[in-house]
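Structural overview
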Amino acid sequence: MSEDPSRITAMEVDTAFIKSKKGILKVAEMVTLFVAFVCFAVASRPKYIAATVLEFVITSLLLLLYLFKLNKRLTFFFWPLVDAFNSVFAAVYFIVLSLLAATTYTVTGTLVGGIFGLVFAGLMCVDSFVLFKNITFNQPRSEMNTVNNEPGTCTGTG
């Protein structure tokens, strides 16, 4: 093998991302999802638990992707667009799920989880609006620049 075992590749951490609007929004989404998860777990509603855990994992992976700047290394996807589609899908899904949970609750935890699910859906709507507003499709990926260290924001002319 030609690899040097003493060579250590360091993972670059973008601490400015957590302080940016996009980073704060991702953390707020995760906190809201966690609270909804706890409420559904207390109410013992496995269908709602599964949905919140799945979206928590997806949001966590996207946060880690931007935090460790893996979106710059893994260029086979246009990550801001993947994030935007996830935001739109999750917003619609959680609006339906939360309304269903809030209207058919038998335990208070289901109602509170439904309310936090609606708050999460609102955050996802804001996230998708910000992402779609900042994505430009008229440039090749190699010419895109990020503004304010926020993924998905591109500058361009034309």
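So, how was this worked out
Residues numbered from 1 in each chain as written. Predicted model: local features only at pLDDT ≥ 70, side-chain atom pairs only at ≥ 80, totals over all residues. Heavy atoms only, no water. Phe/Tyr/Trp six-rings, centres within 6.5 Å; stacked < 30°, edge-to-face > 60°. Buried < 20%, exposed > 50% of the residue type's maximum accessible area, 1.4 Å probe, protein only. Core = buried A, V, L, I, M, F, W, Y, C linked by side-chain atoms within 4.5 Å. Helix = DSSP H or I, 4+ residues; strand = E, 2+ residues; numbered from the N terminus. Domains from an automatic or database assignment. Contact = heavy atoms within 4.5 Å. Salt bridge = Lys/Arg side-chain N within 4 Å of Asp/Glu carboxyl O.

Within an unreviewed UniProt entry, the label attached to the protein reads Proteolipid protein 2, and the organism entered is Gymnodraco acuticeps.

Describing an aromatic ring pair means giving the distance of the ring centres and the angle of the ring planes. This structure, assessed with the given rule, holds 10 aromatic pairs. Relative to F94, the ring of Y93 lies with its centre 6.0 Å away and its plane at 80 degrees, an arrangement referred to as edge-to-face. Residue classification places Y93 among the partly exposed positions, given a relative accessible area of 39%. Assessed through its relative accessible area of 1%, F94 is described here as buried. An aromatic cluster is present here, built from F89, Y93, F94 and F120 joined pairwise through their rings.

In terms of nonpolar packing, the biggest core is built from 13 residues, with F40, Y48, F94, L97, F120 and M124 touching the most fellow members. Contributing elements (two or more residues each) for this core: helix 2 (21–43), helix 3 (46–67), helix 5 (79–103) and helix 6 (108–134). Of all the elements, helix 5 adds the most residues to this core, at 5 residues. When we break this core down by domain, the ones giving at least three residues each are domain 1 (19–69) and domain 2 (73–138). Ignoring any residue separated from it by four or fewer positions in sequence, one finds F94 in contact with L33, A51, T52, E55, G117, F120 and A121. Core analysis: the next-biggest nonpolar cluster, separate from the first, contains 7 residues, F17, M30, L62 and L63 among them.

The subject of this paragraph is the pattern of salt bridges. When their charged atoms lie close together, side chains carrying opposite charge are able to pair. One pass over the full model with this rule turns up 6 salt bridges. Note that D83 and K22 form a salt bridge whose closest N and O atoms lie 3.2 Å from each other. Of this pair, D83 sits in helix 5 while K22 sits in helix 2, and the two are 61 residues apart along the sequence. Look at D83 and you get buried, because its relative accessible area is 0%. A salt bridge links K26 to E29, with the nearest nitrogen and oxygen atoms 3.6 Å apart. Taken together, the residues span about one helical turn, with K26 and E29 both in helix 2 at a distance of 3 residues. Across the pair, E29 and K26 agree in class, each one buried. Overlapping salt bridges, with partners in common, bring together K22, K26, E29, D83 and D127 in one network.

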